[in-house]
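Per-entry structural report
Each chain is listed here by its residues.
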Amino acid sequence: MAFNYLTDDVEQQKQRARYRARQCVIEQSGRYVKINDKNYVNFSSNDYLGLNHHPEINQALAIGADKFGTCASGSSLITGYSYAHQALEHDICDWLNKPKCLLFASGFSANTALMQALGHKSSHLYLDKLSHASLIDGALSSEAKVKRFLHNDIEQLQRLISKNQQAEPHDDELNQVIVSEGVFSMDGDQADVANLAKIAKQHQALLYLDDAHSIGVIGKKGQGSSSLADIDVVMATLGKSIATSGAFVACDKNLADYLINFSRHYIYSTAISPALAWATKKSIEIIQAEHWRREKINELSKLLTEKLSQKIQLIENSSSIHAIVIGDETSTLDVCQQLRNKGIWLTAIRPPTVPFNSSRLRVTITASHEVNDINYLASCVNEVIQ
Ligand SMILES: *Cc1c(COP(=O)(O)O)cnc(C)c1O
């Protein structure tokens, strides 16, 4: 029979305890999520700053819909680029101190587009080993030579760059891009952004950062990695701390012009909803003004570290994301289920998303959580993980 692999491959996932199924969320607001008639404290949300359902953002969405419509009715190069998009781009440029900004339908699409645009046949892309799937897919589908360095291993990165430069010492067209995430999605650890920027400068390479998990959360005004160093190209999704949907790329004028002229993801895709662009503008205004949201995440994260018992392997960091590494898939799912029975919702992350035998619980702490939520989480985790 044709297409047997469809059922065979899924069956194999089940046998390896890697089968994935969706859960329909009935309601989600603040710290709670309602799934199948049961309420849980939600520790798996990417709404890090707790801005989803914010009344001022909702109001901006309604005003945006009235003024500009729910739909862009075209791609940006036809008639899809509205005043709402332009105003949002300007605000992002001011926020991150970049000359240009372009909006994309999703972070996945933006990363793929940018890896293809920077991945010219004369280019070398150096990607951190733990880079997001969209960066890897984009890089591998480009014409560039792609190298991956061990996670956060700056010495290996430098060796790779030096080796290339020795091989092609007189090549004026040696285009090099260092690609990393600001905060990594699975463990919440940070790249050494200042050092990456320094190395990029030394070797006349571009630094490209995926700031999906840093934007809003890092920096006095939530500028993400841009608060730590001068970064050539910043990509961030609007679907995490910014609490809307879509993505942006902030860069210089030459790259923006190139994308408008050559990027298929930009040219052949409908511009994001202008109503949502208007709501996003409001969200970014709140993110800059309300530093208490970032401080609260930090305080609650510290509290979790204090309250977890010594035997629990927690990867410490200063982001919203905290990983508790358990090991094999079956025990991780089992712990996850026991926590669900106690009214706690968090996600088990299994291979191939993380390396073999490092299945983990991914805990996200948001500005909507309260001290009691963290105390409850810690006491349940201490009890369930023996
Ligand atoms: C979520 C995420 C993306 C994708 O962004 P979407 O807007 O959800 O498509 C890209 N990179 C990283 C690191 C992410 O975590």
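No experiment lies behind these values; they were computed from the predicted model shown. (Residues numbered from 1 in each chain as written. Predicted model: local features only at pLDDT ≥ 70, side-chain atom pairs only at ≥ 80, totals over all residues. Heavy atoms only, no water.)

Focus: the packing of aromatic side chains
Here is the rule we go by: Only Phe, Tyr and Trp rings take part, Trp by its six-membered ring, and two of them pair if their centres are within 6.5 Å. Stacked means planes under 30 degrees apart, edge-to-face means over 60, and tilted covers everything else. A run of DSSP states H or I qualifies as a helix once it reaches four residues; a run of E qualifies as a strand once it reaches two. Both are numbered from the N-terminal end. Note on classification: 1.4 Å probe, protein chains only; a residue is buried when its accessible area is under 20% of the maximum for its type, exposed when over 50%, partly exposed between these limits.
Tallied over the full model, the rule gives seven aromatic pairs. Residues Phe68 and Trp278 carry aromatic rings whose centres are separated by 5.1 Å and whose planes lie at 55 degrees to one another, so their mutual orientation is tilted. On the criterion of sequence distance, the pair formed by Phe68 in helix α2 (residues 55-68) and Trp278 in helix α11 (residues 274-289) is long-range, its members being 210 residues apart. Classification of Phe68 by relative accessible area gives partly exposed; the value is 23%. Under the relative-accessibility criterion, Trp278 is labelled buried at 17%. When the centroid spacing of 4.8 Å and the interplanar angle of 40 degrees are considered together, the rings of Tyr258 and Phe262 count as tilted. Here Tyr258 and its partner Phe262 are both found in helix α9 (residues 253-262), four residues apart, which amounts to about one turn of the helix. Residue Phe262 is classed as exposed on the basis of its relative accessible area, which comes to 56%.

Observations regarding the sheet that holds strand β5 (residues 123-128)
Condition: Note: two strands are recorded as paired if DSSP finds a minimum of 2 bridges between them. Only the stretch in contact is used when a helix axis is fitted, and all axes are lines through C-alpha atoms; the angle between N-to-C directions ranges over 0 to 180 degrees. Whether two residues are in contact is decided by their heavy atoms: any pair within 4.5 Å suffices.
Strands sit in the order β4-β10-β9-β8-β7-β5-β6 across an open sheet of seven strands; the sheet is mixed. Edge strands, defined here as strands with exactly one partner in the open sheet, are β4 (100-104) and β6 (145-149). On average, adjacent strands in this sheet sit at an angle of 20 degrees to one another, irrespective of strand direction. Sheet topology places strand β7 (residues 175-181) next to strand β8 (residues 206-210); five bridges connect them, and they run parallel. The partner of Val177 across the bridge, within β8, is Leu206. With respect to the sheet, helix α6 (residues 133-140) is in contact with β5, β6, β7 and β8, its orientation differing from that of β5 by roughly 160 degrees.

Some remarks on the packing of helix α4 (residues 83-96) against α11
The following threshold applies: Orientation labels follow simple angle bins: below 35 degrees gives roughly parallel, above 145 gives roughly antiparallel, 65 to 115 gives roughly perpendicular, and whatever is left gives oblique. The sense of a crossing depends on the near helix, which, turned anticlockwise from the far helix by less than a right angle, makes the crossing left-handed and, turned clockwise, makes it right-handed.
Between α4 and α11, the least distance of the axes is 8 Å, while the angle of their chain directions is 25 degrees. As summarised for this structure, α4 and α11 are arranged roughly parallel, according to the angle between their axes. Considering how the two elements wind past one another, α4 and α11 form a crossing that is left-handed. Contact residues: α4 offers Tyr83, Ala84, His85, Ala87, Leu88, Asp91, Ile92 and Trp95, while α11 offers Pro274, Ala277, Trp278, Thr280, Lys281, Ile284, Ile287 and Gln288.

Brief notes about the site of the ligand
Note the threshold: Nearness is defined per residue: one heavy atom within 4 Å of the molecule or strand is enough. Residues adjacent in sequence count toward polar contacts only when both atoms are side-chain atoms; beyond that, a polar contact is any pair of N or O atoms within 3.5 Å, and within protein one must be able to donate a hydrogen and the other to accept it. All accessibility values rest on the Shrake-Rupley procedure with a 1.4 Å probe; residue burial counts only the protein chains present in the view. By the convention adopted, Pro, Cys, Tyr, Trp, Phe, Met, Ile, Leu, Val and Ala count as nonpolar, Lys, Arg, Asp and Glu as charged, and the other residues, Gly among them, as polar.
Lining the immediate surroundings of the ligand are Ser106, Gly107, Phe108, Asn111, His132, Glu181, Asp210, Ala212, His213, Thr237, Lys240 and Gly246. Here Thr237 contributes a side-chain N or O atom positioned 2.7 Å from an oxygen atom of the ligand. In isolation the ligand has 380 Å² of accessible area, and contact with the protein removes 81% of it. Sort the elements by how many residues they give to the shell around the ligand and helix α5 (residues 107-118) lands first, with three residues. Tallied by class, the residues present in the shell around the ligand amount to two nonpolar, seven polar and three charged.

Remarks on the nonpolar core
Which entries qualify depends on this criterion: By nonpolar core we mean a set of buried residues, namely Ala, Val, Leu, Ile, Met, Phe, Trp, Tyr and Cys, connected to one another through side-chain atoms within 4.5 Å. Reported domain spans reflect what an automatic or database domain assignment gives.
Judged by nonpolar contacts, the single largest core of 54 residues is most densely connected at Ile92, Leu96, Ile178, Leu207, Ile242 and Phe248. Sorting elements by how many residues they give to this core places α4 first, with seven residues. Taken domain by domain, this core gets at least three of its residues from each of domain 1 (12-42 + 291-384) and domain 2 (56-289). Excluding residues within four positions of it along the chain, Ile92 makes contact with Cys101, Leu103, Phe248 and Ile284.

A look at the pattern of salt bridges
Note the following rule: Any Lys or Arg side-chain nitrogen located within 4 Å of an Asp or Glu carboxyl oxygen qualifies as a salt bridge.
One pass over the structure, following the stated rule, counts 11 salt bridges. The residue Arg18 makes a salt bridge to Glu329 at a minimum N-O spacing of 2.8 Å. In this pair, Arg18 sits in the loop between α1 (4-15) and β1 (25-29) while Glu329 sits in helix α13 (residues 329-341), placing the two residues 311 residues apart along the sequence. For the pair Arg18 and Glu329, a shared accessibility class is recorded, and that class is buried. Here Arg293 ties to Glu290 by a salt bridge, and the two come within 2.8 Å at their closest N and O atoms.

As for the side chain of His85
Its place among the elements puts His85 in helix α4. Overall, His85 belongs to the buried group, its relative accessible area being 2%. Polar contacts involving the side chain of His85 include one to the main-chain carbonyl oxygen of Gly80, which spans 3.4 Å. In terms of polar contacts, His85 uses its side chain to reach the side chain of Ser82, at 2.9 Å.

Some points on the sheet that holds β1
A sheet is described by the order of its strands in space; here four strands give the open sequence β1-β2-β3-β13, paired in mixed fashion. Each having just a single partner strand, β1 and β13 (344-345) make up the two edges of the open sheet. The pairing of strand β3 (residues 38-42) with β13 spans two bridges and is classified as parallel. Residue pairing in the sheet places Asn42 in a bridge with Trp345 of β13.

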